[in-house]
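Summary of structural features
Residues per chain, in single letters:
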Amino acid sequence: MSYEEQEIVNIEKEELLPKVKVLMNDGYRLVQIGCTKMADHLQVDYSFDKDYKFYDLRIKLPLTNLELPSISAICLPAFLYENEIHDLFGVNVTNISIDFKGKFYRLEKDAPFMQDDK
Amino acid sequence: MAKQTIIPFGPQHPVLPEPIHLDLVLEDEVVVEAIPNIGFIHRGLELLCKKKPFQDMVFVAERICGICSFIHGVGFCQGVEKIMNLEVPKRAELLRVFWGELSRVHSHLLWLGLAADAIGFESLFMHVWRVRERVLKIFEETTGGRVIFSACQVGGTRKNIDNDTLRRIAKELDEIETDYKELADVFIQDYTVRHRWSDIGILSEENAHKLGAVGPTLRASGIAQDMRMLRYGGYVDVDFEPIVETACDCYARCMVRVREVFQSFDLMRQAIDKIPDGEIAAKVNGFPEGEFFSRVEQPRGEVVYYIRGDGTNFLDRFRIRTPTFANIHPLLAMIGGCALADAPAIILSIDPCISCTER
């Protein structure tokens, strides 16, 4: 069974906007933005695709400082994912183009995906 | 400046099979902006990966949505199989292609029926769903279920179809295709259908790419992108090209789906011809440790599963990005500038699946 090659690149938060701008100018499209809670940090994946080539930018956010700049000014569809990671993980994404301010999903608890109940 | 009115569309609406809310900002009868509002059926299914053994998560994945059920199972299983380096038997891979393409036929027939109903063509809706019923009977015969089949498992499939049954089903598919062709001709040639859907909901090729559209919504704007071209699983053994239309309107999106049904019939015949004898599942030893972004093509477009295991029986993360989630922003672009009366047809044209979107 064959599987596609996937490139995952670790970057710092400060590199996010310039890297995304380069990718968008190069013809990549945003595939998804997702978070994974790890033991000591929050892993944030920005996944892109061009001609079936999968490319992922990965940021490790300290759990004490969950803040990211929005990429929605460069990459328009990002606002949906950024609102989602805010509601589910409590990430404070600044300057989202359309900000639902915590009302994207109708949740009983704040940041339910940050609770460790494994 | 004209006076603006806001009209709520949804969450309950006759054309919507599932709840989504759009605030349509109108100037006279023209929609100038649409503001989405989702979250009515968010179930937090992804969190269940921490409570359910990884082999049981395929049942959760299948229940993300009833229409896309089987392919959700395939995408999940594929991700785990990659992490665990499992070699899925060829028979299982081609059975997955068969059931996956039959799911695509089912999904597109469901949409074609709803689309006909949305424009008031009720007899066409009933005929399309009559044909869909024959597809559901094949599902029931081969898997025991009409909507959620539980046919996929990590390592292969849980159910087999013997070769005699496969040959009989191949003949039945020919009959269903003949029956369907009559209805497809109505979608292609009928003046009412063309007139109702042409030149509305325009999504240019540039916007389709920039806004991250996927699936038939993207292919109707002239971009030949189909995740089956990654040749995952049994798709390495079948021949096809992405179906593309260039008109960028609702009618083009309808035509992509009409033609994909024919393509799926052909893919199923190819899978049946090439299916070898053998096992249907590999033995699964141990637990997944690693990560992978599994990408497959749902009837609505690209779906991505991020799966991460830490070597225990429970996954660390199971994140799904479904095609309707990606198509929401293109929808907002399509709907700007349309007449209010065209809004339901445009919204339906992306084939929204809100259960998938919200999980």
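Source: prediction; values computed, not measured. Within every chain, residues take consecutive numbers counted from 1 along the sequence as written. Here chains are named by letter from A upward and ligands by number from 1 upward, in the order in which they appear as written. Local features in this predicted model are restricted to residues of pLDDT 70 or higher, and side-chain atom pairs are both shown and tallied only at a pLDDT of 80 or more, whereas totals for entire chains, interfaces and linings draw on every residue. As a rule here, side-chain values come from all non-hydrogen atoms in the structure, and water together with hydrogens is ignored.

1. Observations concerning the interface of chain A and chain B
Contacts between residues were defined by any pair of non-hydrogen atoms, one from each residue, lying within 4.5 Å. At the interface, 43 residues of chain A touch 57 residues of chain B. When two parts are put together, the accessible area they lose, computed with a 1.4 Å probe and summed over both, is reported as buried area. Here chain A and chain B share an interface that buries about 4,300 Å² over both sides, 57% of which is from carbon and sulfur atoms. For salt bridges, the criterion is a side-chain nitrogen of Lys or Arg within 4 Å of an Asp or Glu carboxyl oxygen. If you look at where chain A meets chain B, you find five salt bridges. When the shortest N-O distance is used, the salt bridge between arginine 58 of chain A and glutamate 291 of chain B registers 2.8 Å. A 3.5 Å cut-off defines polar contacts: any pair of N or O atoms within that distance qualifies, except that in protein one atom must be a possible hydrogen donor and the other a possible acceptor, and neighbouring residues in sequence count only when both atoms are side-chain atoms. At the junction of chain A with chain B, the criterion picks out 19 residue pairs in polar contact (both at pLDDT 80 or more). Each helix is a run of DSSP H or I of at least 4 residues and each strand a run of E of at least 2, with the numbering of both proceeding from the N terminus. For the side of chain A that touches chain B, the elements supplying multiple residues, two or more each, are strand 1 (6-11), strand 2 (29-37), strand 3 (41-50), strand 4 (53-62) and helix 2 (78-89) of chain A. Per-element tally for the side of chain A that touches chain B: the top contributor is strand 2 of chain A, with seven residues. Residue composition of the side of chain A that touches chain B, by class: 23 nonpolar, eight polar and 12 charged. Under the grouping applied here, Gly and all other residues not named as nonpolar or charged are polar, the nonpolar ones being Ala, Val, Leu, Ile, Met, Phe, Trp, Tyr, Cys and Pro and the charged ones Asp, Glu, Lys and Arg.

2. Describing helix 4 (residues 122-143) of chain B
All names here are of chain B. Look at helix 4: 31 Å from first C-alpha to last across 22 residues, which is about the 32 Å you get at 1.5 Å a residue. Only protein chains enter the accessibility calculation, which uses a 1.4 Å probe. A residue is then buried if its area is under 20% of the maximum for its type, exposed if over 50%, and partly exposed in between. Leu124, Phe125, Val128, Val131, Arg132, Val135, Leu136, Ile138, Phe139, Thr142 and Thr143 are the residues of helix 4 that are buried. Taken around the axis of helix 4, the buried residues stretch over an arc of 155°, which confines them to a single face. Exposed residues on helix 4 whose side chains face more than 90 degrees from its buried face are Met126 and Lys137. If you follow the buried residues of helix 4, they end up packed against helix 3 (90-118) and helix 5 (163-189). Positive backbone phi, at 90°, marks glycine 144, one or two positions downstream of helix 4. Multiplying 1.5 Å by the residue count of a helix minus one yields the expected span of that helix. Starting at the helix axis, one direction is taken to each C-beta atom, and the arc is that of these directions.

3. Comments concerning the environment of serine 198 of chain B
Residues and elements named next belong to chain B. Structurally, serine 198 is set in the loop between helix 6 (191-197) and helix 7 (205-210). Each C-alpha atom, one on serine 198 and one on proline 14, is 21 Å from the other, the two residues being 184 residues apart in sequence. In contact with serine 198, other than residues within four places in its own chain, are Asp249 and Tyr251. A distance of 2.7 Å separates a polar atom in the side chain of serine 198 from the backbone oxygen of arginine 194.

4. Things to note about the pattern of salt bridges
Summed over all chains, the structure comprises 40 salt bridges over all chains. Its salt-bridge partner being aspartate 49 of chain A, residue arginine 295 of chain B comes within 2.9 Å of it at the nearest N-O pair. Residue arginine 295 of chain B is located in strand 6 (residues 289-298), and its partner aspartate 49 of chain A is located in strand 3; the two belong to separate chains. Across the salt bridge formed by aspartate 226 of chain B and arginine 219 of chain B, the nearest N and O atoms sit 3.9 Å from each other. Arginine 219 of chain B carries the same exposure label as aspartate 226 of chain B, and that label is buried. A single salt-bridge network, built from bridges that share partners, covers Glu101, Arg104, Arg219, Asp226, Arg228, Glu260 and Glu297 of chain B.

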